Amino acid sequence: MRATRIILRRELGAYLRSPFAWVIAFVLLLIDGILFQSQALAGEQLSAIVLEKFFWTSSGIAMAAGLLLSFRLISEERQNHSLVLLNTSPVRDAEIVVGKFLAAFVFLGVLLVLSLYMPLLIKVNGKISGAQIIVGYLGLLLIGSAALAIGMFASALAKNQLVAGVAATAMLFLMVLLFPFAKKLGDPVRPILQDLDLWWVHFQSGFMRGVLNLKDIVYYVAVTYFFLLLSVKALEAKRWQ
Amino acid sequence: MIRATNLSKYYGGKRALGPVSFEIADGETVGFLGLNGAGKTTALRILACDLRPSGGSIEIGGVDGVAEPHEVRKKIGFLPENPPLYQDMVVSDYLKFAGELRGMTREELKKRLTEVLEITDLTDVASDIIHTLSHGYRQRVGLAQAIIHNPKFLILDEPTRGLDPVQIVEMRNLIHDLKQSHTVLISSHILTEISQTCDRLLILGKGKLLGTGSEHELATKEGEIRQITVTIRGGSGSDADFRPTARTLLEAVDGVSSVADPYDYGGGTTFVLSTKRDCRAEVSRAVVEGKLDLIKLDYARSELENTFIRLVGGVDASN
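Conventions used here
- Residues numbered from 1 in each chain as written.
- Chains lettered and ligands numbered in written order.
- Predicted model: local features only at pLDDT ≥ 70, side-chain atom pairs only at ≥ 80, totals over all residues.
- Heavy atoms only, no water.
- Phe/Tyr/Trp six-rings, centres within 6.5 Å; stacked < 30°, edge-to-face > 60°.
- Helix = DSSP H or I, 4+ residues; strand = E, 2+ residues; numbered from the N terminus.
- Buried < 20%, exposed > 50% of the residue type's maximum accessible area, 1.4 Å probe, protein only.
- Lys NZ or Arg CZ within 6 Å of the ring centre and 35° of its normal.
- Pairing = 2+ DSSP bridges.
- Right-handed = clockwise from strand over helix to strand, strands pointing away.
- Contact = heavy atoms within 4.5 Å.
- Buried area = accessible area lost by both parts, 1.4 Å probe.
- Salt bridge = Lys/Arg side-chain N within 4 Å of Asp/Glu carboxyl O.
- Polar contact = N/O pair within 3.5 Å; in protein donor to acceptor, adjacent residues only side chain to side chain.
- Nonpolar A, V, L, I, M, F, W, Y, C, P; charged D, E, K, R; others polar.

Colleague: Even after reading the chapter, I still don't get the packing of aromatic side chains, so can you show me in this structure?
Modeller: Note on aromatic pairs: each is described by the distance of the centres and the angle between the planes. Following the criterion strictly, the structure yields 18 aromatic pairs over all chains and no others. Aromatic side chains Trp-56 of chain A and Trp-199 of chain A sit 5.9 Å apart centroid to centroid with 85° between the ring planes, which places their arrangement in the edge-to-face category. One end of the pair, Trp-56 of chain A, is in helix H3 (residues 47-70); the other, Trp-199 of chain A, is in the loop between helix H11 (189-196) and helix H12 (200-204), with 143 residues separating them in the sequence. By relative accessible area, which is 6% here, Trp-199 of chain A ends up buried. The ring of Phe-97 of chain B has Arg-10 of chain A sitting right over it, with the charged end atom 6.0 Å from the ring centre. Its guanidinium or amino end placed over the ring of Tyr-137 of chain B, Arg-140 of chain B lies 5.2 Å from that ring's centre, counting from NZ or CZ.

Colleague: Explain the pairing of strand E8 (residues 183-188) of chain B here, please?
Modeller: Every regular strand shows the same layout, with side chains that alternate between the two sheet faces. Residues and elements named next belong to chain B. Extensive coverage of E8 is indicated by the burial of 6 of its 6 residues. Neither face of E8 is left uncovered, since the one carrying Thr-183, Leu-185 and Ser-187 and the one carrying Val-184, Ile-186 and Ser-188 both have all their residues buried. Bridge analysis of strand E3 (residues 29-33) against E8 gives 5 bridges, and the strand direction is parallel. In the sheet register, Thr-29 faces E8, and the bridge partner there is Val-184. Two strands pair when backbone bridges link them, and strand E7 (residues 153-157) and E8 are joined in this way by 5 bridges, in the parallel orientation. Note that in E8 the partner of Ile-155 across the bridge is Leu-185. Taking the sense of rotation as the criterion, the β-α-β connection linking E7, helix H6 (residues 165-179) and E8 turns out right-handed.

Colleague: Hey, could you run me through the interface of chain A and chain B in this one?
Modeller: The accessible area lost on association of the parts is a frequent measure of interface size. Listed by partner, the interface residues are 23 residues for chain A and 30 residues for chain B. In total, about 2600 Å² of surface goes out of reach between chain A and chain B, with carbon and sulfur atoms giving 58% of it. Together, Leu-85, Pro-90 and Arg-239 of chain A form the three largest contributors to the area buried by chain A at its contact with chain B, with a combined 26%. Our enumeration of links across chain A and chain B arrives at 3 salt bridges. Arg-9 of chain A is the partner of Glu-100 of chain B in a salt bridge, and the nearest nitrogen-oxygen pair spans 2.5 Å. Where chain A meets chain B, there are 11 residue pairs in polar contact (both at pLDDT 80 or more). Counting only elements with at least two residues in the side of chain A that touches chain B, the list comes to helix H1 (2-17), helix H5 (83-87) and helix H13 (214-240) of chain A. At 7 residues, the largest contribution of residues to the side of chain A that touches chain B is made by H1 of chain A. When its residues are assigned to classes, the side of chain A that touches chain B shows 9 nonpolar, 6 polar and 8 charged.

This is the structure:
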């Protein structure tokens, strides 16, 4: 745990120093803001619907942020040779992965908090409950953390950042498109694949509408854990290659 | 003590190292010498527990490096070929980070950081961001991270790579100072660097251990070895690629035991010959009779160079 804390602190410092992280935050918040404005001003609508639309676009923003923040985490260090410092220190691979993941997660959290003014505007001007906002944001954090873990896995596998970025995007798209793809299949594969989908079942039908289901939380935690575990195994495997 | 037993490493199906076995006693400074691709970096990365071996075992300070790499890493400081630097960090913060990773407390770090900055002559740039430093300073920061936790064993892979002559001398002096308190392993293909720094040499060639001992012991073991460097140009009427013919001619000269792969130098092609006696006359005659132009003929340089060429030339010939 001590090493995780040390790595987390360094990574957070790197985010603060890195223009890349701030550019990502700026661009994504700008896009989120523009989309929100176009939805909020698109005629007379129920405020709950406007909030749903906000979470719909923000889930894409959270996934994009997750990918952009994570695909460089290990591949960049491998490319810059700095990974050797971690690899030859008495630090376990799991501590490296968790430390880096938590730092990216904290940054993602900050980014999401900075978007909070938009649902608050809806609340001030309309009729929505605070709980609906909290549930939606919990969903954004969870879907973002799953995207982070997927990006981390691609980063642990790839030799360079470009490959990691492409692989992470492909994996994320695959996870999001499982639901429409599964529609074309029959039982018993269809329900299994649909339940594994990253967005449609667990976010769109749950968190986006302000519905809190334990199974959705468990699903995102499980996806995050699974890909972080794969990242640890990928790092371990690299030592044998 | 460092003990490697039947250590080997394969990348895919290709053998990069071994099996090799060697021992390094506490307090020794040992040089890994070999051409590029000889397996030096692979051996050092395995000893630093960065890579897992495909076979064999390593024991460092009484701990099994394959079964307990975590414990071994606490005893080791490693400077790889490319220093593992975070370019965006300030030098002192980076060294604190490296120390903390190795389990040092803040109090220990506070005291040790000042010492290490002085040892590596980095005090003046302690507050600078790493990417603003020159190559020589970056190499020193790399060395500083390797010694920050005062490890018993220090592994340095090509520590003078890319440095200018002044920086090379400074780095060599630094390593000399570190020898007093650490067991040091250095890899290099620069013979003078190794001969001036190390007590003992391990000569690697194509993944195999070709010889071990002090410079003098190796030379004695291999017999009195001399070296002739001959630079040749294709004469009028000779083949465009005269190298194979020239090599055959030189190998046939009485007294020449091996001929290393030629390289182009000074407007001609240079062959390095290992010989057991001074056979310059026979070599020059063979070149002229082979209708080739003799540009230059040098005889016997340093003892280590001769030994190295002889050992490496031997493995080239056997492959």
